[in-house]
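# Fold and geometry: a report
These are the residues of each chain, in order.
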Amino acid sequence: MDKIGFIKKDIYNLECSVNGKLRNHDVELVTEYFMAKQKKNEAFYFKIEGDGHDRFSRCFWADATSRRAYGFYGDVVVFDTTFNTNRYDLTFAPMLGVNNHGQTIVLACAFLSKETTESFVWMFEEFKKAMPGGEPKTIITDQDAAMAIAISIAFPTTFHRLCIWHITSKFSVKLPRDAYNEYWREFQKAIWDTDNKDEFDAKWNIVVTKAGLTDHPWLSSMFDLRESWVPAYARQFFAAGMSSSQRAEGSHGFFKQYISRRNSLMDFIIRFERALSHQREKELVADHVDAFEVAQCLLPMPMNKQMATLYTRTMFQKFEQELIESTACFLELKTEDACKVVFNVSERKNWETRVAEVVYVKDSDHASCSCQRFEFVGIICKHILALFRRDQIEYMPEKYILKRWKKTAKCGLVSDANGKEIKDCADPGLLIKRSTMSRLASDVVEDALMSEEGCEVLSETLKSLQVKLKLLKDGPSNNEVGGSSSQTQYMKDPKRVRCKGRSKGVTGAKEKAMKRGIRHCRECGHIGHDRRQCPALNTP
């Protein structure tokens, strides 16, 4: 430690000095960086726009890896905005998807200075230009009015699903305390434990009437929006098994380990790409495991072995669990009809028994179940598997195997709107060359460390080699990549904005009472005493 010529404060001061020199050149650096990325791989897509006064307003970008991924996994998109990720308080808006391993992937990113309908429409239109394959089947967001209008404009054929977690978490806030404590369990049953629309409507109306909340404005508005968030209504649309945008929030938590509010736009993008490379490395590891290993089958059945070779390990485990649970369904067959089979299966502990109805035509191997797991998740349910076992169908029909869950999901060409192939940045040949040269360089360094003379020779050689490689990379002209700042008119850096996430929170009655020093009982909810003195607990 005594040989280190600097301390932590020196690093902080250096960072401040560098940031000061780059001030007012942030957008210029980002533009040149994107242009360099595009020159390296023409499949890199970006768009930067100003506010009409030569000042940065918003930008959108998607690299080749993300664009190719959309070609394979673009059926479901999760969109959520996060805040305070850069010094300008611009809204960072990533669009996320799910790959064949069930991992979160980044499809595109944007910076927005305003969270208005016009801004979201602009972003979605750029998203459609960049991505191959048209609109997604489903997009999952929170309850943002501007976002909802923009989706209806830009994605008219896409099913817009509202995050069920955001809605259900508001019950404790929107409902009266007594009504919530007494009827929340029944609301849960109505939401989660119904398979058809009529059953949900009936249970919901019963609970609302019992609770005396028929005129509750928030509950009425949620009931009007039930087709967008209630599983009984939304389960018929494929969503890769997702009913909330928590995957996006988890992704934000991951990326926030690398970025902070102090970051400039350029610094943010560099840090974000570093985090993105770590995320994609996990996908490559999963690909490697699936390419060279076959999952162990718990059940020695031909269908189970078939799916172990087709599905990725994560998806196979989900399928195998359904196959195991199909045994209980097989034993509980209530009716054996050529067209309809009814299962009486308890799905949740201490909840009422559910009846799964399967419509099945044996000759055509066509089956559909009231649980709609295949429509929602893309993996066949245990009820249909029980029928296959009854009729001794040993192998899964091809139409029930989605390509997006296969190990080979990423095989094939992906072309843009102009028919041009989108090639990934990660060239396998380049990776092999890098690995070979890395081993060679490591051996050379080990040999040089054996003597001082060897270190000096290697150091001088590397410096000379670095100069030669730089000349080879830059070429004879210094203005080949996007032009220099003297040739290109760049926009000014954005002003600091105030987005929705920075608004002042509403103080509730409980918080106001605590500020005034009024005690609030956690047991009964009344003020004037605490839990130790609560009459409800101290009553003999």
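Numbers given to residues run from 1 along each chain, matching the order in which its sequence is written. The predicted origin of the model limits local features to residues at a pLDDT of at least 70 and limits the giving and counting of side-chain atom pairs to 80 or more, whereas totals for whole chains, interfaces and linings rest on all residues. Side-chain measures were taken over the full set of non-hydrogen atoms in the model, leaving aside hydrogen atoms and water.

You'll find the chain entered in an unreviewed UniProt entry as Protein FAR1-RELATED SEQUENCE, with Prunus dulcis given as the organism.

Moving on to the overall build of the chain. A run of DSSP states H or I qualifies as a helix once it reaches four residues; a run of E qualifies as a strand once it reaches two. Both are numbered from the N-terminal end. A tally of helices and strands in the chain yields 21 helices and eleven strands. Within the chain, buried positions represent 43% of all 540 residues. Taking the contacts inside the chain whose residues are at least 6 apart along the sequence as the reference set, 64% of them involve residues at least 24 apart. All accessible-area figures derive from a Shrake-Rupley calculation using a 1.4 Å probe, and residue coverage is judged against the displayed protein chains alone. Carbon and sulfur atoms make up 53% of the accessible area of the chain, which totals about 30,200 Å². Working definition: with a 1.4 Å probe on protein chains only, accessible area under 20% of the residue-type maximum means buried, over 50% means exposed, and in between means partly exposed. Any pair of residues with heavy atoms lying within 4.5 Å of one another is described as a contacting pair.

Criterion for a disulfide: a pair of cysteine sulfur atoms at a distance within 2.5 Å. Going through the model one piece at a time under the given rule, you end up with zero disulfides. In this structure Cys109 is a free cysteine whose sulfur lies 9.2 Å from that of Cys59, the closest cysteine sulfur available. For Cys109, a relative accessible area of 2% gives the class buried. With no disulfide of its own, Cys329 lies closest to Cys381 among cysteine sulfurs, the gap being 7.9 Å. Residue Cys329 is classed as buried on the basis of its relative accessible area of 0%.

The next subject is helix H3 (residues 64–73). Counting buried positions along H3 yields eight of ten residues, so the element is predominantly enclosed. For H3, the set of buried residues is Ala64, Ser66, Arg67, Arg68, Ala69, Tyr70, Phe72 and Tyr73.

So, on to the pairing of strand S2 (residues 56–62). Summarising burial for S2: seven of the seven residues are buried, a large majority. Once strand S1 (residues 45–50) ends, the chain turns through five residues before running back antiparallel as S2, passing Gly52 with a positive phi of about 95°. The rule for pairing is simple: two strands pair if DSSP sees at least two bridges between them. Pairing of S2 with strand S6 (residues 104–112), which is carried by four bridges, proceeds in the antiparallel orientation. Within S6, the residue paired with Trp61 across the bridge is Cys109.

Given two aromatic rings, their pairing is described by the distance between the two centres and the angle made by the two planes. Between rings of Phe, Tyr and Trp, where Trp is taken as its six-membered ring, a pair exists when centres lie within 6.5 Å; planes separated by under 30 degrees are stacked, by over 60 edge-to-face, and by other angles tilted. Applying the stated criterion across every chain yields a total of 34 aromatic pairs. Look at Phe34 and Trp61: their rings are 5.5 Å apart centre to centre, the planes differ by 35°, and that puts the pair in the tilted class. Placement of Phe34 in helix H2 (residues 26–40) and of Trp61 in strand S2 is noted, with a sequence separation of 27 residues between them. Trp61 carries the same exposure label as Phe34, and that label is buried. Look at Phe79 and Phe120: their rings are 5.9 Å apart centre to centre, the planes differ by 90°, and that puts the pair in the edge-to-face class. Here Phe120 lies in helix H4 (residues 117–130) and Phe79 lies in strand S3 (residues 76–79), a separation of 41 residues in the sequence. Judged by relative accessible area, Phe79 falls into the buried class, the value being 0%. For Phe120, a relative accessible area of 0% corresponds to the buried category. Geometrically, a charge over a ring is one whose NZ (Lys) or CZ (Arg) sits within 6 Å of the ring centre while staying within 35 degrees of the ring normal. Sitting over the ring of Phe223, Arg226 keeps its end group 4.0 Å from the ring centre. Over the aromatic face of Trp405 sits the side chain of Arg404, whose NZ or CZ is 4.5 Å from the ring centroid.

Moving on to the pattern of salt bridges. Criterion for a salt bridge: a side-chain nitrogen of Lys or Arg within 4 Å of a carboxyl oxygen of Asp or Glu. In the structure shown here, the tally under the stated rule is 22 salt bridges. Asp267 is the salt-bridge partner of Arg271, the closest N and O atoms lying 3.2 Å from each other. Of this pair, Arg271 and Asp267 both sit in helix H13 (residues 265–292), four residues apart, which is roughly one turn of that helix. The partly exposed category is assigned to Arg271, whose relative accessible area is 26%. Members of the salt-bridge network, linked through shared partners, are Lys47, Glu49, Arg58, Glu118, Glu126 and Lys129.

Helix length check: H4, at 14 residues, gives a terminal C-alpha distance of 20 Å against a target of 20 Å (1.5 Å per residue), a fit within 8%. Looking only at H4, the buried set comprises Ser119, Phe120, Val121, Trp122, Met123, Phe124, Glu126, Phe127 and Ala130. Helices are assigned an expected span. That span is 1.5 Å times one less than the residue count.

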